[in-house]
Amino acid sequence: MAANDCIVVSNRGPLSFRFDPDGALVAVPGGGGLVSSIAPLLAGTGATWVSVTMGAADRAAVEQGRMVDDSFTLLPVAIDDETYRSAYDVVANTTLWYLHHHLFDLPRRPRFDRHWRLAWDGYRRYNQVVADTVIDRAPQGSTVLVQDYHFSLLGAMLAAARPDLRAVHFCHIPFADPNMVRVLPEAAVGELLAGLAGFVACGFHAHRWEAAFRACYADPVLAELAGTATAPPSFVSSLSSDHEGLVAEAASPECARSVEALRAEAGGRRIVLRVDRVELSKNIVRGMLAFEELLMAYPQWRDEVVHIALVYPSRQGLADYLAYGAEVTHTAERINHAWGTPTWTPIVLHVEDDRPRSLASLTIFDVLLVNPVRDGLNLVAKEGSLLNGADGVLVLSHEAGAWEELSEAALGVNPFDVAGTADTLHRALSMDPAERRARAARLRSLVLGRTAADWLDDQLAAAAQ
Ligand code: G6P
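Residues numbered from 1 in each chain as written. Predicted model: local features only at pLDDT ≥ 70, side-chain atom pairs only at ≥ 80, totals over all residues. Heavy atoms only, no water.

**A closer look at the pattern of salt bridges**
In this structure the tally under the stated criterion is 22 salt bridges. When the shortest N-O distance is used, the salt bridge between E249 and R355 registers 2.7 Å. Pair noted here: E249 is in helix α10 (residues 243-250) and R355 is in helix α14 (residues 355-364), with a separation of 106 residues, a long-range link. Under the relative-accessibility criterion, R355 is labelled partly exposed at 38%. R357 is paired through a salt bridge with E352; the nearest N and O atoms lie 3.4 Å apart. Overall, R357 belongs to the buried group, its relative accessible area being 10%. (Salt bridge = Lys/Arg side-chain N within 4 Å of Asp/Glu carboxyl O. Helix = DSSP H or I, 4+ residues; strand = E, 2+ residues; numbered from the N terminus. Buried < 20%, exposed > 50% of the residue type's maximum accessible area, 1.4 Å probe, protein only.)

**Re empty space enclosed by the protein**
A complete count under the given rule lists three cavities of 30 Å³ or more for this structure. What the largest cavity holds in volume is close to 50 Å³. In terms of lining residues, the largest cavity is bounded by H100, Y149, S152, H169, C171, F175, L192, L196, C202, F204 and F213. Elements represented by at least two residues in the lining of the largest cavity include exactly β7 (166-171), α7 (186-197) and β8 (201-204). Class assignment for the residues of the lining of the largest cavity results in eight nonpolar, three polar and no charged. (1 Å grid on protein atoms, 1.4 Å probe; cavity = no way out; pocket = protein on both sides within 12 Å on 5 of 7 lines; lining within 4 Å. Points joined across faces, edges and corners; volume = space filled by probe spheres on them. Nonpolar A, V, L, I, M, F, W, Y, C, P; charged D, E, K, R; others polar.)

**Notes on helix α19 (residues 452-464)**
A turn of α-helix holds 3.6 residues, and therefore any two residues three or four places apart point the same way. For α19, with 13 residues, the first-to-last C-alpha span of 19 Å sits near the 18 Å given by 1.5 Å per residue. Listed as buried for α19 are A452, W455, L456, Q459, L460, A462 and A463. The buried residues of α19 occupy an angular sector of 160° when the element is viewed end-on, so they sit on one face. Residues of α19 that are buried make contact with α1 (33-42), β6 (143-147), β7, β8 and β9 (234-236). (Expected span 1.5 Å × (residues − 1). Arc of directions from axis to C-beta. Contact = heavy atoms within 4.5 Å.)

Here you go:
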């Protein structure tokens, strides 16, 4: 199945812009796992990439004709700030992200008030404007690969106007259980389920999320709200990073320098690592509390281990994210104050995004802690398993989609069980070298067994059926 001529749709595209202090436009390559995994696969194939402007700098770049890339035909869709805030901040990241990750604090939130209804209108507008671009520009019979929860309504919109298109949706996050979907206002449930049902197929990283999706259409209350819409065909296909690209990047001189710097910070001690964006679903605070319990319950590890936490800013427009970031920093400071010595800082916290340092850290950890409360896949678990050269142990949440693939070689944890996570960290740090080696080798071969190209092929095959 060839990728040429297909159209990718995602909120964040491969190219973005910011203004420098003098007001000049500066290009910023698109960040995040989705873009860095898909871009190398589609570069130079003739693919078109539809994404939206994420602010004034992107809009200015579009107006000045600078939103161009050698590897793709870019079709940027200009979105005004108010619509973007409604769609991205309120609906995509505060409603749907919380819904699908089961993050609502139900006694207090969500509150679907009139302000929220206007935001949902904004989300629908944002989906429609992107749908209109595809409707106007897609050649007859094209394959359209729609990425993520930002575009849940696109399926029905495209099916109504362009039944010739083969549009597939791929959800990179979990899908909520039916009881959680019932929290959404009834009209929104109807639009969401009908919107997704309009796709030729919907894909997920793990069987659990696919099962939850199908269960929504079978739930009596939700099915009635969905009207005539029934569950579309679905499939499971997990994403992988660009293996060769990642290995080459990790071998770069910048990464080598970062390895030295991280080793100096660890001071010869064992390293329990985490690398995450600061997102509530990532469970960073409980990870630190588990590390503290490790020091409490297993005193032999005091001054023998450091927890390196590389946690980078995400979605800074959202108050909850800022508050969570502050909680992460306070927790690290408190633990360091309580347990540190003049020569040992138990938690080494870095909060500035630094890709060479992240990749470098993955090559040297003794234990990689990936303990999300719920996660569509978690590419860090796979990237760490691929890059690590120290027979590192992966401690992985049962609630990450990657658990389905890596469970036989990782140590599993319940992400809510702080004491249990501490016990598992102890088990990982105490593991004998032969078992470490065997598990690390198995992890690596599991990761190498699936490529990003397999993931793309699965979407193309689903579109062709
Ligand atoms: C995470 C999710 C992706 C999602 C991305 C959006 O990485 O795993 O599914 O597309 O967040 O992030 P952004 O920074 O664009 O909001």
